[in-house]
Amino acid sequence: MAQITLVEAINLALAHEMERDPGVVVLGQDVGVDGGVFRATLGLIGRFGPERVIDTPLAEALIAGMTIGMAVEGLKPVAEIQFSGFAYTVIDQIINHAGRMRHRTRGRLTCPMVLRTPCGAGIHAPEHHSESPEAMFAHIPGIRVIYPSSPRRAYGLLLAAIRDPDPVVFLEPTRLYRLFKEEVADSGEALPLDVCFTLREGSDITLVTWGPMVPETLAAAGELAEQGVSAEVVDVATLKPLDMETILASVARTGRCVVITEAARTCSYASEIAANLAGEGLLTLLAPVRRVTAYDVVVPYSRLEHQYMPGKERIVAAAKKALEFA
């Protein structure tokens with residue numbers, strides 16, 4: 001067991017699965033010789049060779065199409081799109097082919113692929129490198145969407161994603177890649193998909209979040225605790241299929257909920273969770289569900305990006321607003 005960062009946990013999981021299953025291949029721009037733009041695939045080409053760690057042209061639609069073809073023919077490809085802002089060109093392939101393969105062939109073919117892409121702001125990159133498009137991917141039928149928030153969960157969830165028989169979009173929070181370390185054992189033990197993780201128990205309010213906003217949400221819960229407020233923190237982790245039961249059970253205990261996302265507000269995934277709470281948990285709510293999101297603007301350049309991203313102060317303020325209701 002070693003103390004490693006989130007990006008190192010990604011590398012560890014990839015190496016483990018490539019060692020365990022010869023059908024696992026990695027492809028994408030610069031994933032081989034350079035080890036990926038964030039070095040998530042560093043060293044893999046030396047261990048497994050260029051036949052299994054494939055440097056592709058700068059052509060995201062081609063990467064997605066190759067990945068789907070490999071998956072249908074029996075391989076387990078893991079493709080990297082360098083930044084989520086470049087992933088929009090793969091949507092045609094994901095919607096029309098990856099997400100429909102099982103349905104189209106009446107179960108004769110599956111598409112066991114993983115599409116990895118770094119996303120989120122906070123690394124002083126231009127706007128095409130700072131998107132948070134999780135709601136867009138979650139809207140696609142037939143696609144599983146995962147967004148880890150720690151090295152341990154990144155390792156276990158990526159193992160599970162590669163082993164899954166259906167297509168997975170695996171979003172990686174760039175801001176958390178090297179933010180902190182955590183003990184991770186290279187045990188090959190996958191974490192369960194389609195479940196939320198309760199990171200902190202509480203009785204007064206539920207804070208629901210995922211991916212890059214988990215550290216800020218935990219910090220907000222700590223500050224609320226200093227003020228006598230017991231906040232429960234739920235990490236969604238798998239956005240689709242959504243484990244709404246865990247969220248509903250938490251809100252039934254606390255009566256209040258704030259949903260936090262780094263994505264823009266309109267049609268964000270926070271809206272989906274809030275709608276589910278209104279539809280299925282209304283009678284347990286003691287206050288309206290509040291959302292803390294980024295603004296409905298293009299991600300600004302580095303001098304303003306931290307004002308764009310929701311932080312601890314905005315989460316605490318939203319929680320206090322919810323607590324105003326008796």
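Shown above is the structure to which this text applies.
Since we're looking at a predicted model, the values are computed, not measured. (Residues numbered from 1 in each chain as written. Predicted model: local features only at pLDDT ≥ 70, side-chain atom pairs only at ≥ 80, totals over all residues. Heavy atoms only, no water.)

Caption draft 1: Representation of the sheet that holds strand S4 (residues 76-80) in the model. As summarised here, the arrangement of the seven strands in space is S3-S2-S4-S5-S7-S6-S12, forming an open sheet in which the pairing is mixed. The outermost strands of the open sheet, each flanked by one partner alone, are strand S3 (53-55) and strand S12 (238-240). Ignoring which end each strand starts from, the neighbouring axes of this sheet average 20 degrees apart. Along the sheet, helix H1 (residues 6-20) makes contact with strand S2 (24-28), S3, S4, strand S5 (114-119) and strand S7 (168-173), crossing S2 at roughly 135 degrees. (Pairing = 2+ DSSP bridges. Helix = DSSP H or I, 4+ residues; strand = E, 2+ residues; numbered from the N terminus. Axes fitted to C-alpha atoms, helices over the stretch in contact; angles between N-to-C directions. Contact = heavy atoms within 4.5 Å.)

Caption draft 2: Looking closely at the packing of aromatic side chains. Scanning the model with the defined rule gives four aromatic pairs in all. For the pair Phe-38 and Phe-83, a centre-to-centre distance of 5.5 Å together with 70 degrees between the ring planes defines the contact as edge-to-face. Residue Phe-38 is located in the loop between S2 and helix H2 (44-48), and its partner Phe-83 is located in the loop between S4 and helix H4 (91-96); the two are separated by 45 residues in the primary sequence. The exposure classification of Phe-38 matches that of Phe-83, with both residues buried. When the centroid spacing of 5.0 Å and the interplanar angle of 55 degrees are considered together, the rings of Phe-38 and Tyr-177 count as tilted. With Phe-38 in the loop between S2 and H2 and Tyr-177 in the loop between S7 and strand S8 (182-184), this pair connects stretches of sequence that are 139 residues apart. An aromatic cluster of at least three residues, connected via ring pairs, comprises Phe-38, Phe-83, Phe-86 and Tyr-177. (Phe/Tyr/Trp six-rings, centres within 6.5 Å; stacked < 30°, edge-to-face > 60°. Buried < 20%, exposed > 50% of the residue type's maximum accessible area, 1.4 Å probe, protein only.)

Caption draft 3: Structural context of the pattern of salt bridges. Here the structure, examined in full by the defined rule, presents 16 salt bridges. A salt bridge links Asp-194 to Arg-144; the nearest nitrogen and oxygen atoms lie 2.7 Å apart. With a gap of 50 residues between them, Asp-194 in the loop between S8 and strand S9 (197-200) and Arg-144 in strand S6 (residues 144-146) connect regions that are remote in the sequence. The partner of Arg-153 in a salt bridge is Asp-235, and the shortest N-O contact between them spans 3.1 Å. Highlighted residues: Arg-153 in helix H7 (residues 151-163) and Asp-235 in strand S11 (residues 231-235), separated in sequence by 82 residues. In this structure, Arg-153 and Asp-235 share a single accessibility class: buried. Sharing partners across several salt bridges, the network here consists of Glu-17, Arg-20 and Arg-163. (Salt bridge = Lys/Arg side-chain N within 4 Å of Asp/Glu carboxyl O.)

Caption draft 4: Main features of the side chain of Thr-56. Following the sequence through the fold, Thr-56 ends up in the loop between S3 and helix H3 (60-72). Here Gln-29 takes part through its backbone nitrogen, which lies 3.2 Å from a polar atom of the side chain of Thr-56. Sequence-distant contacts of Thr-56, defined by excluding residues within four places in its chain, comprise Leu-27, Gly-28, Gln-29 and Ile-63. (Polar contact = N/O pair within 3.5 Å; in protein donor to acceptor, adjacent residues only side chain to side chain.)

Caption draft 5: Spatial organisation of the nonpolar core. Core analysis: the biggest nonpolar cluster contains 45 residues, and Trp-210, Ile-247 and Ile-273 have the highest contact counts within it. Top contributing element to this core by residue count: H3, with five residues. Those residues within four positions of Ile-273 in sequence are excluded, and the remaining contacts are Val-208, Trp-210, Val-236, Leu-242, Met-244, Ile-247 and Val-259. Grouped together as the second largest cluster of nonpolar side chains are 37 residues, Ala-15, Ile-162, Val-184 and Phe-197 included. (Core = buried A, V, L, I, M, F, W, Y, C linked by side-chain atoms within 4.5 Å.)

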